[in-house]
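Spelled out from the first residue to the last, the chains are:
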Amino acid sequence: MDNSAIIIRDNLKEIYEDVYSSDVLHALAHMAPFNVEVKKLMNIRLRRRKERSQNGSRITFLNPETNIAGTNIKVSDAREGNFEGAEIPADLQRQWIQGTGPGAKPNASLESSIRNVAYALLSGADGWMFDGEDALGQVSTMSLDNQRNLKLAIQRSPVFLSVAEEVASQMNSWSRTFFGHEKIQDWKEQLNFTTKIFRARGLHLDDRHLRLADGASFSASIADLVLYVVNNYKSLLASGSSIVLYLPKIQTAEEAALWNRMISALENHLELKDGTIKVYVLVEQLEATYQLMEIRAALGKHFVGYNTGRWDYINSVSDAMAWDPTFINPNIESIGMTYGYMRNYEDRVRRAVNTPDINGNFALWQGGMEPNIPVGSSEGVNASMKKALAGAERELSEGASGKWVAHWKMVHIVRPVWEKTGQANQMGRTFEKLSYTQEDADGLIYLEPAPRTIRGARNLLSVGLQYGNAFGQGMQAAALKPADFFGDDNVLYLMEDMATGEIRLSILWEWLHKQAVITEVDAESGVNEGDVFTPELFSKLLQEEYDKLLNASDKDVYAASKYTTLPIAKSIVEKYVGEEKKIPWFIDLLNINLNNVDLKIAEKRIALYLKLLNDKGERMTENLDFIV
């Protein structure tokens, strides 16, 4: 396949010639045949979801006597560690704190946009996951800006160094106020401290700027893999750094095996040794928790560790159990990492990474996200930081080798929790061997009694609406809190990404379609304990929360958005929650409306999406504004 087989939208090839270099174009052409395999597995995924819903069947463990699809590895061998895994490279041995966030800003100049990368690399985090997925806006050309900024930073370009020097001064100014001293002593040296990691988009997403010559949409996973690795592998290896990716939204070992083949094919194309590229896997999907050792084995010498997410994982549980009328989640605030099925999920992850492979190698467990930001009243910040530190201490005690933070200001607050131990990591810690019983399977969907309240519903609606609005403006990572707490500095904003909106609306979908029972009286809305969450109640609360956002100040809701992206967000919330058959991905409805501010167009696109889904069982994932 030659380069002409891939079409780049508009004149982006010329505008981003540094990103779409000749090496990148050749690699894209080499990798393009995998596009068919990606589409095939995504169709299988949708069909599996539909069959479970129709048959009322739960996810189960794989048959140990079969091979992992797409490999010659027997399931029983994977579970016993009879496969060759990876040795953890030096710059991943200690990852006490990994920061997360995009390397670009929406509608910003290069000098402004690349500041995101400077904050990350000067933060003092052991690693930084530069996001190409849930936290990266996709309006306009943000995905390409992200790639450009990372390339410039990794190559230490003059524009990046100039910005980094300025950012270091600003970060030290904040540190003097908060900690009483500066944290950055030598900004140039500090830039070398943090391991650079990139999160590619999941297999379920398409790229907005690439298509095949026949008009077929092109996998965002392939695009991200090629652009990041090809643009940066020489600079990373020359500086002694590893090439590290985070792989999101993997549901099965078969999908992991496809990733493994794609990565190996790219390594071969670049004449890199097999296993040079290392990957973490975010455990964000319920089905993956039934196949943890199988996923490890399928990724072989590329795999270095798991991360335990929260929001995405809860959403996947909700989606997998959408068919079961008895499975109804409580308020989102109740579903922490020690809650019912979350506790059991975390336990399986730590047991999986501490199972040795055939060479005695273990893997890393990176704990979950800390979304707090230390900005607010003294009382609010102190309470939230106390909670953040307690969460970190718990994860350390459970065996995590580190955790994520969503903002650079949190790095030096949380990092001492691991620093004081003096241990680089907790690999090889002894836990009970993984088992595969019915009791284990049931534990992964175990609900504990917890409140289900109108206050909880308002929080779900308000943040869900705000996130849809932020997404439309290009801010897939946004600092949010429910509208009732605007102006209350004792309640801090939390850094939220795509999963934030999705899980909130999924819980509302459960409450509405499974006739959830409210557990507390709410005088304001006239709801009594024992009342059912009805369509009328949902509509009433939605309108009230929407009105609060319309009346909010520009600090919390941009005035220009109130008659552009916010009405579209409301329409998406209504459709996603109201649709009888649960929509597979909230992001689908957001993506088809990127760069659109016309409500009538949005409603037509949503209707088109639903017709395709309901008539043919297919998702609409391509860029509707990119027509070949």
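Residues numbered from 1 in each chain as written. Predicted model: local features only at pLDDT ≥ 70, side-chain atom pairs only at ≥ 80, totals over all residues. Heavy atoms only, no water.

(A) Inspection of the overall build of the protein chain at higher detail. If you tally the helices and strands in the protein chain, you get 26 helices and 13 strands. A globule of 628 residues ought to have a C-alpha radius of gyration of about 25 Å, and the protein chain, at 23 Å, matches this closely. Its C-alpha atoms put the protein chain at 65 × 60 × 55 Å along the principal axes. Counting across all 628 residues of the protein chain, residues that qualify as buried make up 61%. Look at the contacts in the protein chain between residues 6 or more apart in sequence, and 78% of them connect residues 24 or more apart. For the protein chain, the accessible area works out to roughly 23600 Å², and carbon and sulfur atoms hold 49% of it. (Helix = DSSP H or I, 4+ residues; strand = E, 2+ residues; numbered from the N terminus. Rg over C-alpha atoms; globule rule 2.2 N^0.38 Å. Buried < 20%, exposed > 50% of the residue type's maximum accessible area, 1.4 Å probe, protein only. Contact = heavy atoms within 4.5 Å. Areas by Shrake-Rupley, 256 points an atom, 1.4 Å probe, with all protein chains shown as cover.)

(B) Seen up close, the sheet that holds strand E5 (residues 206-212). With antiparallel pairing, the three strands of this open sheet are ordered in space as E1-E5-E6. Either end of the sheet is taken by a strand with one partner, and the two such strands are strand E1 (6-8) and strand E6 (217-219). When strand polarity is set aside, the average angle formed by the axes of neighbouring strands in this sheet is 55 degrees. In terms of strand pairing, E1 meets E5 through three bridges, oriented antiparallel. (Pairing = 2+ DSSP bridges. Axes fitted to C-alpha atoms, helices over the stretch in contact; angles between N-to-C directions.)

(C) Expanded view of the pairing of strand E2 (residues 97-101). Of all five residues making up E2, five are buried, and the element is well covered by its neighbours. Of the strand pairs in this sheet, E2 and strand E11 (residues 402-405) are connected by three bridges, and their pairing is parallel. The partner of Gly99 across the bridge, within E11, is Val405. Direction of pairing for E2 relative to strand E3 (residues 127-131): parallel, over a ladder of four bridges. Looking across to E3, one finds that Gln98 is bridged to Gly127.

(D) Local environment of the pattern of salt bridges. According to the stated counting rule, one finds 49 salt bridges in the structure shown. Close ionic contact of Arg343 with Glu448 constitutes a salt bridge, the shortest N to O distance being 3.3 Å. You can see Arg343 sitting in helix H16 (residues 340-353) and its partner Glu448 sitting in the loop between helix H20 (438-443) and helix H21 (454-472), a full 105 residues away along the chain. For Glu448, a relative accessible area of 23% corresponds to the partly exposed category. What you see here is one network of salt bridges that share partners, running through Asp131, Glu133, Asp134, Arg199, Lys249, Glu284, Asp312 and Asp497. (Salt bridge = Lys/Arg side-chain N within 4 Å of Asp/Glu carboxyl O.)

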